[in-house]
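Commentary on secondary and tertiary structure
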Amino acid sequence: MGTKVIVGCTVLYTLLDSVITTVLYIHGSHLTTFTNDILDFNILRSALDLWGLMLLRVSLLLGASIGVSWNKGDGTSRVAKATTFILLICMIVITYSLAKLLMLTEVKPLNHQPWFLSLICWTCASSLGVVLFWKKLGKESNSVSNLNSSSRSGGGRGAEDTEKLVETAGEEDEEGEEGRQKKTSSGATLGRLLTYCKNDASLLSVAVLFLLISAVCEAFIPYYYGQAIDSIVLHQSMEYFVKPVITLAALALVSSLAMGVRGGVFTLTFARLNLRLRSHLFRTLMRQEIGFFDENHTGDIISRLSADTTQVSDLISQNINIFLRSIIKGAGFFVFMFGMSWKLTLVTIMGFPFIAFVSKLYGEYYKKLTKEVQTTLAEANKVAEETISSMRTVRSFANENGEADSYCAKLLVMFQLNKKQALAYACYMWTSCISELALEVAILYYGGHLVVTGQMSSGALISFFIYMLELGECLESIASVYTGLMQGVGAAEKVFEYLDRKPKHPAEGTEAPETCCGLVEFKDITFAYPTRPETDILKGVSFTLRPGEVTALVGPSGSGKSSCVSLLENFYLPQQGQVLLDGQPVNIFQHDYLHSKVALVGQEPVLFARTVKENIAYGLTDVSMEAVVQAATKANAHEFITALPEGYDTSVGEKGTQLSGGQKQRVAIARALIRNPRVLILDEATSALDAESEHTVQQALSNIIHEHTVLVIAHRLSTVEKADNIIVIDKGHVAEEGSHNQLMASAGLYCKLVQRQVLGMETGEEVLNPSENLQRNSDKRRRRRRQSDSSSSESEINVRYSIMGTKVIVGCTVLYTLLDSVITTVLYIHGSHLTTFTNDILDFNILRSALDLWGLMLLRVSLLLGASIGVSWNKGDGTSRVAKATTFILLICMIVITYSLAKLLMLTEVKPLNHQPWFLSLICWTCASSLGVVLFWKKLGKESNSVSNLNSSSRSGGGRGAEDTEKLVETAGEEDEEGEEGRQKKTSSGATLGRLLTYCKNDASLLSVAVLFLTMSAVCEAFIPYYFGKAIDSIVLHQSMEHFAKPVITLVILAMVSSFAIGVRGGVFTLTFARLNLRLRSHLFRTLMRQEIGFFDENHTGDIISRLSADTTQVSDLISQNINIFLRSIVRSAGFFVFMFGMSWKLTLVTIMGFPFITFVSNLYGEYYKKLAKEVQTTLAEANKVAEETISSMRTVRSFANESGEADSYCAKLLVMFQLNKKQALAYACYMWTSCMSDFALEIALLYYGGYLVVTGQMSSGTLISFVLYMLELVECLESIASVYTGLMQGVGAAEKVFEYLDRKPKHPAEGTEAPETCCGLVEFKDITFAYPTRPETDILKGVSFTLRPGEVTALVGPSGSGKSSCVNLLENFYLPQQGQVLLDGQPVNIFQHDYLHSKVALVGQEPVLFARTVKENIAYGLTDVSMEAVVQAATKANAHEFITALPEGYDTSVGEKGTQLSGGQKQRVAIARALIRNPRVLILDEATSALDAESEHIVQQALNNIIHEHTVLVIAHRLSTVEKADNIIVINKGHVAEEGSHNQLMASAGLYCKLVQRQVLGMETGEEVLNPSENLQRNSDKRRRHRRQSNSGSSESKITMWC
């Protein structure tokens, strides 16, 4: 119905257009007009062409209507696609009509042609109507799809904010339809962004008010320029000249102040937008269902939260300020221009639609490209995040180059899009500039015609040209900032995609009963994960968990046990059935309430990078220390926590990396117990605990069982067998249910699992002895003491050497002051006229005397001598004060130079300079010696800093530990060949920019082309004002179009060449810095891949990703955007100075006098802003760390209902950043005020002095006009430099952060060179002492020695934290020991080639890491040219082939981020296959089968047994079935080898190993020992008989007898 209405209205409109146009054309009733115009058409008298345009409009609209009506498929879409073309047609029609209007005015006045005027107005109006109806037809054709997309999307609602500043502005319904649609126009997206600023309406009002004030003042400035020039030309008197100059000064002062306030307030407002947008996005993410995080990788989400929000706030805040200012200034200029000449203004209006059309066309295309770039960048970040967070796995398979190649492949895809961006930018810049210059030439030509024909005066034309140049500046500003705005809009649309997403399974429950019994019921549950909806994990599952009972859930890996937990935690909704808590579905309870009653301890516990106390009390408020200690004690964690360096205040590191697996699990148990929940879920919660610790925790749990409903998922029989009820799940069904005895009697699946595992044994984990943890190895201490002594000696020598250098500098400074005194005095007294002093003192005249210049010499000498004395006598505070006063000295010297140049101009008023050689020489020497003062002062400050730095180093070295001294010795030589500025942590902005350009050395040809076209465009633009002046002179002097044509033609040629050069320059610069971005990211990533594992222990993944993503983006984007304009402005300024100097060296000298102050202000602001930018980047990295940690651990966050707490933590980091943003806003406001004031002061000084020169006959008025034109162009260049300097400084600040990583050399590089053809696999640990770099004071291993022999299986057992995994890390060459060596075939492992070592040593870790790739790619990880047969063979050996083939796509099934689409056991089997496919010489199994069920473990063990004779096997395991058959068992306790031998030998020795066997095999209480094996067996005879009955073969009894 809607389409028919629109089509009907369109047909009626065409009929109306036809009637009105015809009536106006025939002047009401003169039908003969057609015949006359056809027979004798004259464009100046006839309107037949306008009537023909009506036919064009009617045919277009009728054709579209017929297409929409008859073909609702392709026809409707074609209408929408042709909108841009129709817009272009209508713009051409309007432009032609306006040109026709101007032509008609040449025949007779418009008031004599009412029909003609009405027809032209209707033609313009009806053309706009065509565009509106065409868009309506296109919109109507797409309305159905738009409505569908609108219904699927929507803004997120949710958690209230505690800070008003962080309120979610986007949650209101009045955001409009454009806020709810996924694909919006640029204007709608900008509008929606502004709705986030509605709480800052007062700030925005202030900003807009001052924007209006500055724009109005700037609009009046050209008018008074014209008034001042007219007063000189007409009156030749300073009396008439003063009034407009004073008015100009007042306008400049007000405008500068308004610009400063406007800039600061806009910066502050958009900093608040950034804060609000990030906060709203993070809180929206916190409300999403768990399935959302399964589908979206952490890297993608962090990219939206970090890079895209930064682009939104930074690019829009930087550009919308200039954009709005340019729009308002342009409007003001049009008002003045219209008052001077409506005809010339009409010519301007004719050109505007084409400029707007080009901008719109480019903007839409660039926005599309930007979204694609953001998508590919997010994919690259995903690879980076996955790689860096799993660096140990990457390193263990020596696949750093493979990951770097994967990352670079993603970057190359992005680079292809960057090339399209560069081409688009080049075309846009060319068309935009040619449109602007064509408009200026057209105005000039038509204006000349108006002057020649007497329709306007030459003075009015000059004023109009000044406005024209200002208008050109506005157009250029609009063109330059539009790119940034479109990038920001593209990034904003990506952000809004997440903001508009409503969770598919929201936590909208409302129930919160006062009491909760804890009765849990699963009723006919059928469930499939959202990522694999076609595969049912649970199929009609029903069971009950009763209060006060322990229910165990057992079954093979992947059977659905963890899925039951996820449903009980309300992470997902089942497709069928219900999960009930106390008879109510779990999804009707309040989110916080449910998770306060249900607590989970997962299979792979996630800890956060906080203290132990904060992790235990995670998600709780007002928790006493007593409660924390009590919970830790229950979980058997108190003892090891108190042994940590800072006890409960010790940071556990990112994801708990500073704790062992068992320690992490105990902290996680404490975190659950502190809540005293009604339902306690233990999903393999004690799998990493030693027998003693597990027994203690089990006792603690037994004491509180009557108060809770307990659900246990475990493989250990000791955990399962005492459960009140055991539920066996197999292939998604409940296979059997009952008590342990009942299920054993039934001889079903559970009985088979028990038979396989009943003889299993796990080694215990004990708590480290805190007193022994702090003991140091004496050799290590002595070695570090020697290093400290040598470091101190070296520092002493360096200090002495630096002091010697300081004396040399001080001596040279004193000599320089003496030289300055002598030369100045000689020049002052003209060689030998000593009476000059007396004469000048008695009768001082500033125009004749140079006594003031001699006094300035005394000032210089006193400053340098004072600094020299301070450095010599007081090397403490005095030396630092010299460095701090450098800026002040620079200001003083600039004032001296300015005064000297002003003195020079005053002297020229007395007599010519060639008659005053002594005076001229004295002024030149004063300027030069002032520069010398700055250089010597900086040298003194530099030397003083080096002394103080060395002194502080020596003092700190003496007061620190040996480790710090060792670091001080090592830091000096860790830089590579990238130059001195790359080796210093704090570099100047110029040095950083220079270093960035070294990354472009491979693109020297591209840069040369860019600079060539930059120079070409600058030269052409430098000639344009000159020929403007020539054209004006030709009009004023000759009043003839003949003389006027030549400069106009020259201007046309210059405009075309300049526009083409600007386009090429912009595109090549964009391409070059896209290549820089690619090169910088690639180099940084490869540098990170070379860092030692300790680097990743010390630096959080979020921090590293922030450097790799956000900072590199800032470096390439901000610098590439701004350096183009910056260099162009510099080159143009140089060209303008050449022309200005040729016209008047005096006026040019005035310009030079003002330049040092502008440079000083820019430098002062730049250094301060760079410092702030680095601090902002640091705080942003901390916020990203919180976000990455939270999002990657979302299940843990959701299980403890701490989404609001994490959001508050994130917002707290943002608020810290916001405080820095406020400082940035204030600094920007001050800088804009001083910069603009300096610009205006320079312009007014030039105008005033130029007027004086004209009045005194030293230059002509025409030359002054040309000079004013150059002055305005120069102001434009200075303003461009000022506007882009902020962006450059931000890019430099980010670059320095990036270079900190690029300059870092790994402390333990993989620089081995050996790669023998054969490797036997003999591994020896010789007297190993080792401490982790993050805790160097705590030795993990202390003099450990043992051997792993080829063809043998060696088991490593011992308590948690005793050093087992540390041995693996050393064998993998992840770290270097502080003492001793790890040998492979008699050679230290660090001398082997990195790839070679990890091809011979393969690791299967305790917590296997899989990558977001297919199963096949994970098994063949790090290998090339691997056949499918080899992959299947490895998977078969690891007992993984069967479950892999059952997956939806078999070996091509994606395992999800970190393998989340597989169960724990499935992940571990894939990891085992990944190791077996390499056929390594040394195979390390670090709890490799801990997550496997008994049957799977048995098969895997058989597979391993078949290949043992070919390998050296190191096993770390808790299960006796894995350990007992080992050829050698090494027991490590408290960092020492406690005992070593075979199973029988260790059992016979009745040591620690024997105690652990007792605990696991016989379930003995604490303190029981195997004193008499037969008695122990007798005491447990009932248990053995039960096991014997359950086993058909009776193998269990014989096995126990063999052990003892």
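Residues numbered from 1 in each chain as written. Predicted model: local features only at pLDDT ≥ 70, side-chain atom pairs only at ≥ 80, totals over all residues. Heavy atoms only, no water.

**A short note on the packing of aromatic side chains**
Put simply, the rule is: Between the rings of Phe, Tyr and Trp (Trp by its six-membered ring), a pair exists once the centres lie within 6.5 Å; its type follows the angle of the planes, with under 30 degrees stacked, over 60 edge-to-face, and the other angles tilted. The buried label goes to any residue with under 20% of its type's maximum accessible area, the exposed label to any with over 50%, and the partly exposed label to all in between, with areas taken from a 1.4 Å probe on protein chains only. Numbering of helices and strands runs from the N terminus, with a helix taken as a DSSP run of H or I at least four residues long and a strand as a DSSP run of E at least two residues long.
By the definition in use, this model includes 40 aromatic pairs. Between Phe1095 and Phe1096, the ring centres sit 5.2 Å apart and the planes meet at 85°, which makes this aromatic pair edge-to-face. Owing to a relative accessible area of 2%, Phe1095 belongs among the buried residues under this scheme. The exposure class assigned to Phe1096 is buried, which follows from its relative accessible area of 10%. Each ring, one from Phe1411 and one from Tyr1421, has its centre 4.5 Å from the other, and the planes form 15°; the classification is stacked. Separated by 10 residues along the polypeptide, Phe1411 in the loop between β16 (1401-1404) and α48 (1415-1419) and Tyr1421 in the loop between α48 and α49 (1428-1437) bring together distant segments of the chain.

**Some remarks on helix α18 (residues 561-568)**
The buried fraction of α18 is high, at 7 of 8 residues. Among the residues making up α18, those that are buried are Lys561, Ser563, Cys564, Val565, Ser566, Leu567 and Leu568. Directly beyond the C-terminal end of α18, a positive phi value near 65° is found at Asn570.

**Examining a negative patch on the surface**
Worth spelling out the cut-off: Residues with no salt bridge and a relative accessible area higher than 30% make up the patches, which join like charges within 9 Å and nonpolar side chains (Val, Leu, Ile, Met, Phe, Trp, Tyr) within 5 Å. Per-residue and other accessible areas were derived by the Shrake-Rupley procedure at a 1.4 Å probe size, with only the shown protein chains allowed to occlude residues. Any carboxyl oxygen of Asp or Glu that lies within 4 Å of a side-chain nitrogen of Lys or Arg is treated as forming a salt bridge with it. Positive charge is attributed to Lys and Arg, negative charge to Asp and Glu, and no charge count is given to His or to the chain ends. We put the charge of a Lys on NZ, of an Arg on CZ, of an Asp on CG and of a Glu on CD.
Together, Glu534, Glu1417, Glu1449 and Asp1452 make up a negatively charged patch on the protein surface. We classify Glu1449 as exposed; its relative accessible area is 56%.

**A word on the pairing of strand β3 (residues 550-554)**
Defined as follows: Two strands are counted as paired when DSSP detects at least two bridges linking them.
Here β3 lies mainly inside the structure; 5 of its 5 residues are buried. Side-chain alternation along β3 places Val550, Ala552 and Val554 on one buried face and Thr551 and Leu553 on a second face that is also buried. Where β3 meets strand β8 (residues 709-713), 4 bridges bridge the pair, whose relative direction is parallel. Bridge pairing links Ala552 to Val712 in β8. Note that β3 and strand β9 (residues 725-730) share 4 bridges and pair parallel. Looking at β9, one finds that Leu553 is bridged to Ile727.

The values are spatial; any link to function lies outside them.
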